[in-house]
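Chain and residue survey
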Amino acid sequence: KTKIKVGREIFETEAEHCTKCNKVAMDSELQKKIDEWALQFTKSFIELQPYFTKDMHDRISVISNQFSLSKSEFMKACTTFYLMRMTGVRNFKTIRSDVLNKAAAKYKGNRDKICVPIKYQLFKKINLYTLVWKLDYDANVFEEAVQFCVAILDDHDATIQESKKQELLHFVEHHAMAS
């Protein structure tokens with residue numbers, strides 16, 4: 001049997017391997033098996049360990065409290081919004097760069113780690129963006145998404161369209177109702 005690491009879990013199956021490098025040959029059938037297996041987990045699938053500055057931690061606390069969400073739930077809502085609603089907008093690369101530069105300038109300082117439990121569906125989406133954007137760690141996507149959303153919520157000089165800010169607020173409100 002072949003053991004495939006998925007998050008912090010191990011999936012075991014019979015699988016084809018590349019004759020040159022001996023890596024598992026991933027195809028749609030194997031991915032479907034992994035998805036079916038992973039979706040059965042009711043607990044968190046992995047704990048990401050993003051790093052944020054003290055100022056960013058403080059803002060996350062304040063904003064999450066406004067929605068009666070834990071910091072973890074608020075950050076997961078931000079990440080979901082970012083990956084599902086923002087990455088497909090026109091001029092995303094420009095918006096992404098502008099907002100993240102503002103966030104970096106505003107939330108300076110030493111960064112501390114936080115552990116955030118993630119379920120498989122969000123892990124899979126984060127992992128895809130990690131590969132596409134050629135980032136080192138899945139937590140980098142999570143960090144970026146949270147910083148982006150907090151920066152949008154804190155933007156008072158209309159750099160970001162007000163409609164995106166309102167869309168994010170509604171998205172987090174809906175997430176809070178479902179939590």
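Model, not experiment: these values are computed from the prediction. (Residues numbered from 1 in each chain as written. Predicted model: local features only at pLDDT ≥ 70, side-chain atom pairs only at ≥ 80, totals over all residues. Heavy atoms only, no water.)

Topic: the packing of helix α3 (residues 71–86) against helix α5 (residues 120–132)
For the pair α3 and α5, interaxial distance at closest approach is 11 Å and the crossing angle is 50°. Here α3 is positioned oblique relative to α5, judged by the angle of their axes. Handedness of the crossing formed by α3 with α5: left-handed. Residue-level contacts link Lys76, Thr79, Thr80, Leu83 and Met84 of α3 to Leu122, Lys125, Ile126 and Tyr129 of α5. Along the lines of polarity and charge, the residues of the contact of α3 with α5 split into five nonpolar, two polar and two charged. (Axes fitted to C-alpha atoms, helices over the stretch in contact; angles between N-to-C directions. Helix = DSSP H or I, 4+ residues; strand = E, 2+ residues; numbered from the N terminus. Parallel < 35°, antiparallel > 145°, perpendicular 65-115°, else oblique. Left-handed = near helix turned anticlockwise from the far one by under 90°. Contact = heavy atoms within 4.5 Å. Nonpolar A, V, L, I, M, F, W, Y, C, P; charged D, E, K, R; others polar.)

Looking at the nonpolar core
Formed by 51 residues in total, the largest nonpolar core has its most connected members in Val6, Phe74 and Met75. Other than its neighbours up to four places away in sequence, Phe74 contacts Ile60, Ile63, Ser64, Leu69, Val150, Leu153 and Val172. (Core = buried A, V, L, I, M, F, W, Y, C linked by side-chain atoms within 4.5 Å. Buried < 20%, exposed > 50% of the residue type's maximum accessible area, 1.4 Å probe, protein only.)

Section: the packing of aromatic side chains
Under the definition given, this model contains 13 aromatic pairs. Here Tyr82 and Trp133 contribute two aromatic rings whose centre-to-centre distance is 6.3 Å and whose plane-to-plane angle is 65°, an arrangement assigned as edge-to-face. Residue Tyr82 is located in helix α3, and its partner Trp133 is located in the loop between α5 and α6 (138–154); the two are separated by 51 residues in the primary sequence. Look at Tyr82 and you get buried, because its relative accessible area is 0%. Grouping aromatic residues by their ring pairs yields a cluster made of Phe11, Trp37, Phe41, Phe45, Tyr120 and Phe123. (Phe/Tyr/Trp six-rings, centres within 6.5 Å; stacked < 30°, edge-to-face > 60°.)

Quick look at the environment of Leu168
As for its placement among the helices and strands, Leu168 is situated in helix α7 (residues 162–178). When the C-alpha positions of Leu168 and Phe81 are compared, they lie 6.9 Å apart, and in sequence the two are 87 residues distant.

Quick notes on the state of the cysteines
Summed over all chains, the structure comprises zero disulfides. Free of any disulfide, Cys78 has its nearest cysteine sulfur in Cys149, 4.2 Å distant. Of the residues examined, Cys78 reaches a relative accessible area of 0% and is grouped as buried. In this structure Cys115 is not part of a disulfide, and its nearest cysteine sulfur, from Cys78, lies 18 Å away. The class of Cys115 is partly exposed, set by a relative accessible area of 39%. (Disulfide = S-S within 2.5 Å.)

Just distances and angles here, no functional claims.
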